[in-house]
Amino acid sequence: MGERWCAAVRVLVLQAAWALAGGQVRYSVPEEAKAGTVVGRLAQDLGLEAGEAEARRLRLVAQGRRASVEVSGASGALVVSSRLDREELCAKSAPCALRLEVLVERPLRVFHVELEVTDINDNAPIFPAARKNLSLSENSPPGSRFPLEGASDADIGANAQLSYTLSPSEHFSLDLQKSNERNLVPELVLTKSLDRETIPVHRLVLTASDGGRPSLTGTMELVISVVDANDNAPQFNQSVYKVQLPENAAVGTLVGRVNASDADEGINSEMTFTATSFVPPSGRDVVSVNPKTGEIHLTAPLDFEEVSVFDFRIEARDRGTPPLSGHCSVELEVLDVNDNAPEVRVTSLSVPVSEDASVGTVVALLSVSDRDSGSNGRVRCWVWPASPFGLEATFAGSYSLVLREALDRERVSEYEVEVRAEDGGAPALRASRGLRVPVSDVNDNAPAFSQAVYTVLARENNAAGAELAQLWARDPDEAGNGRVSYSVWEGGAAAVSSSSSSGAGAGGWRPASSYVSVDAESGRVWALQPLDYEELQVLQFEVRAVDAGEPPLCGNATVQLFVLDENDNAPALLPAAGSAPEAGGAAGEAAAAAAAGLGSVSDTLWAWAAWGAPAGQVVAKIRAVDADSGYNAWLRYELWEPRAKGPFRVGLYSGEVSTARALDEADGPRHRLLIVVRDHGEPARSATATLSVSLVEAAEAALAAGSSSSSSSSRAALGAEMGPGAASAATNVWLVVAICAVSSLFLLAVVLYGASRWAPRAAVLSGPGPTTLVCASEVGSWSYSQRHSRSLCVADGAAKSDLMVFSPNFPPPPPGPAPKDTQPEPSALLDTVSGPSFVPCCGPSHPPSE
């Protein structure tokens, strides 16, 4: 027996061959091969190098039924792992081909291997019974035929081709008949008349031999009893009945009916029907024959996928003595119906999928099958939803789930994918398999601030360490990719004004980090030192948000910090042109004013007025400046002493000292005026000025005016004595000067507009958004700020001058007749809008000096 197995292995083991058109490896192995038998060098046939099979995890994927083979991890060979029984695997199907799927990793690939299990002659023919009893009438004529039940062989091909022999007998011989294209039916032929009295019982041996090498045999003993009586056997109206029945036919369905007749009369013509010789033998449990009527009924469900054709014989036996019988063949063909839904199996799943995975990445391998045949077994597959995944057919019944579109974890972090299959039957049957595909994060999103530009208002003289604002940037990534830290961009700088509240100082650029800092975790903006409006009005810097991804991504936001003015500077008096301090008596009055809480006291100013000057004649003008802005720098002038009604008065907002009535000699030669200058801050700050006015003759006043070329009060005194023609000429001169000044300002504005139009702009000021206007006007008063211009901090450190906007807004006049110098209360407007660009308008403009 061992030599036979070795010979079969040596003869039937075939080398692997590529099916170049389909990319499939085919092997052949005989059944009953011993465990460990090498089927083929799988790794070598797949093109893998030595040792690569184990490194890439070459392995088989189960296909639903035991394959009895495995891949050797060390050599990559396909070897037999357990007993191979072709009859158990494929029954009578030929060829017996097992489809195997082979997977390798890095990269993931699937190969299809077809293993054909070849048949060996390991099954001997088997008769339905070891003994067969026959009863033959002694009057049976020579040549009578008696069908016998043939043997069955579980093998296929030549190993299942049976031949029959009969033990020697002078009365009987054996003849073989083809009942159909597949089976041979042995028939016992009577060659010589029987004589019951001579030989009542004949014992013969029927031997069945298959076509294998060596041939296997099976035997059945025939016990033939010779009886006397009935001499006409039943006859069927046709020798072969062919019936078709769908596999979903219900149990009890009438398959067909056979008809037979017997020429005898009486009891010898009564027949009973029995079914015999089932191929395959399982047909005994599927159909039954009514012994009286010959109707064939279905006794068990049919399954086309198990057995598609049943062959059996029906015997009609009469009740004579001895009974005679007739036979016919029945071929029951089972028709396929769509009763099997497709099956979807996942053979490999690679999750999670990185969100930066390229299109075409294989996510899963699937196997789809349908046990039905024909159109009922043709399967159509698709994936739902249709994006971002798709199916690609790799082989018959094998598919790859691949990526069709780019993924974005921030939009969808996990996909529920359903692979659906539908066969071609009517009605079609469907099946589905759900897959959960999570998406892993990569650092593909930079932190983004909620605003491109943040506008922050802070009052000057704030405490060091005060919180000014809190910024927040959102990063939709997860874990470290979404953890944000904040910092001040070191390129930011601030323009420091060259003048301060003291009136002098050194200007320049200072880094923004010297004023503010940003908490790295919370984004809070802290002040590092107190802010001084007179030093810095606008601080613009960038805050950078950086995530912790690899590589790190960052986002920027511009912060515009506007410093709000506080009334922390008292008005400062400017010396009047041509005035000379007078020593002596003014000191006492100044000290008294200071003691009265009227602020700082300046030196005595000198002015002259002519005797007889009319009411309203301007004698002098008090000049003052306040380092603050807006209301805090809007000045008003009050005559503090003398409190009694005197010959002089002071303009509330102009600071002009003029005559309240005509001057005469009774007024005395000299007057000392104590004038208080107050701002509109809360609390208000003030300064005092002492003006000494001397009353002289008109000629002396003209002489004094000549020695003081810039004194406006002298010009006013001389104007009182000039004629109407001279006053008109002076008015025309000033009108020409005013027209020239306006024209010059217009030309300057056009030049500045053209320069700003064509000059390169800082990137931080070029974004879209509403204009932020910051204005403070002091026009209408001769009190003006000594800050001539402001500088704006930009990211590249370049200083830009402010655009001066003057808004002569006046307050409502007080009740009663308004003096000519009553001026409006200026509006200190601060409009801030969260936008990427703004136009600052800060500080008053200087009016032309008189």
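All residue numbers here refer to positions counted from 1 along the written sequence of the relevant chain. In keeping with the predicted nature of the model, local features appear solely for residues at pLDDT of at least 70, side-chain atom pairs appear and are counted solely at 80 or more, and the whole-chain, interface and lining totals rest on all residues. Side-chain numbers here rest on the full set of heavy atoms in the structure, without hydrogens or water.

## Notes on the sheet that holds strand β10 (residues 145-147)
Point 1. One bridge is not enough; two strands pair if DSSP finds at least two bridges between them. Elements are defined by DSSP. Helices are runs of H or I of four residues or more, strands are runs of E of two residues or more, and each kind is numbered from the N terminus. Spatial strand order, β10-β13-β12: three strands in an open sheet with antiparallel pairing. Each edge of the open sheet is held by one strand with a lone partner, namely β10 and β12 (172-178). Here the strands of the sheet are splayed against their neighbours by 35 degrees on average, with no regard to which way each runs. Inter-axis angles, ranging from 0 to 180 degrees, are taken between N-to-C directions of lines fitted to C-alpha atoms, where helices are fitted over the stretch in contact.

## Quick notes on the environment of Ala-464
Point 1. As for its placement among the helices and strands, Ala-464 is situated in the loop between β34 (453-459) and β35 (467-470).
Point 2. Along the chain, Ala-464 and Ala-527 lie 63 residues apart, while their C-alpha atoms are 5.6 Å from each other.

## Concerning the sheet that holds strand β29 (residues 389-395)
Backbone-to-backbone hydrogen bonds join strands into a sheet, with any given pair of strands oriented parallel or antiparallel.
Point 1. One open sheet holds the four strands; their spatial order is β25-β27-β30-β29, and the pairing between them is antiparallel. Lying at the two open borders of the sheet, with one neighbouring strand each, are β25 (343-349) and β29. On average, each strand axis in the sheet is tilted by 30 degrees relative to the strand beside it, whichever way the strands run.
Point 2. Direction of pairing for β29 relative to strand β30 (residues 398-403): antiparallel, over a ladder of six bridges. The residue of β30 that forms the bridge with Phe-395 is Ser-398.

## Topic: a negative patch on the surface
Point 1. Taken together, Asp-664, Glu-665, Glu-697 and Glu-700 make up a surface patch of like negative charges.
Point 2. Here Glu-697 is to be found in the loop between β52 (686-696) and α6 (698-707).
Point 3. Taking the relative accessible area as the measure of exposure, Glu-697 reaches 46% and is therefore partly exposed. A residue counts toward a patch only above 30% relative accessible area and without a salt bridge, and it is joined to like-charged neighbours within 9 Å or, for Val, Leu, Ile, Met, Phe, Trp and Tyr, to nonpolar neighbours within 5 Å. Computed with the Shrake-Rupley method and a 1.4 Å probe, the accessible areas treat only the protein chains shown as cover for residues. For this analysis, a salt bridge means a side-chain nitrogen from Lys or Arg found within 4 Å of a carboxyl oxygen belonging to Asp or Glu. The charge count includes Lys and Arg as positive and Asp and Glu as negative, but it does not include His or the ends of the chains. Here the site of a charge means atom NZ of a Lys, CZ of an Arg, CG of an Asp or CD of a Glu. Summary of the burial criterion: residues with accessible area below 20% of their type's maximum are buried, those above 50% are exposed, and those between are partly exposed, where the area comes from a 1.4 Å probe applied to protein chains only.

## Let's talk about the packing of aromatic side chains
Point 1. Two rings from Phe, Tyr or Trp (for Trp, the six-membered ring) form a pair when their centres are within 6.5 Å of each other. A pair whose planes differ by under 30 degrees is stacked, one over 60 is edge-to-face, and the rest are tilted. Going through the model one piece at a time under the given rule, you end up with nine aromatic pairs.
Point 2. Centre to centre, the rings of Trp-634 and Tyr-653 are 5.1 Å apart; their planes meet at 5 degrees, and the pair counts as stacked. Taken together, the residues span a long stretch of sequence, with Trp-634 in the loop between β47 (623-625) and β48 (635-641) and Tyr-653 in the loop between β49 (648-650) and β50 (656-659) at a distance of 19 residues. A single burial state applies to Trp-634 and to Tyr-653, both of which are buried.

## Considering the pattern of salt bridges
Point 1. Counted by the stated rule, this structure contains 25 salt bridges.
Point 2. Residue Glu-306 is joined to Arg-371 by a salt bridge in which the shortest nitrogen-to-oxygen separation is 3.4 Å. In this pair, Glu-306 sits in the loop between β22 (295-298) and β23 (309-318) while Arg-371 sits in the loop between β27 (362-369) and β28 (379-384), placing the two residues 65 residues apart along the sequence.
Point 3. In this structure, a network of salt bridges that share partners links the residues Arg-409, Glu-410, Asp-441 and Glu-478.

## Looking at unusual backbone geometry
Point 1. Across the junction of Arg-106 and Pro-107, the peptide omega takes the value -5 degrees, indicating a cis bond.
Point 2. On the secondary structure map, Pro-107 appears in the loop between β7 (97-104) and β8 (109-118).
Point 3. Along the chain, Glu-682 connects to Pro-683 via a cis peptide bond; the corresponding omega equals -5 degrees.
Point 4. Here Pro-683 lies in the loop between β51 (670-679) and β52.
Point 5. For Arg-57, which is not glycine, the phi dihedral falls at a positive 55 degrees.
Point 6. Mapped onto the elements of the fold, Arg-57 is located in the loop between α3 (52-55) and β4 (59-61).
Point 7. Positive phi, close to 55 degrees, is recorded for Ser-277, a residue that is not glycine.
Point 8. Judged by its relative accessible area of 18%, Ser-277 falls in the buried class.

## A word on the pairing of β51
Working note: regular strand, side chains alternate between the two faces of the sheet.
Point 1. Of all ten residues in β51, eight are buried; the element is thus mostly enclosed.
Point 2. Relative to β51, β48 runs antiparallel, the two sharing six bridges. Following the sheet pairing, Leu-639 is matched in β51 by Ile-675.
Point 3. One ladder, built from nine bridges, connects β51 with β52; its direction is antiparallel. Counted as the bridge partner of Val-677 is Ala-687 from β52.
Point 4. Joining the antiparallel neighbours β51 and β52 is a turn of six residues.

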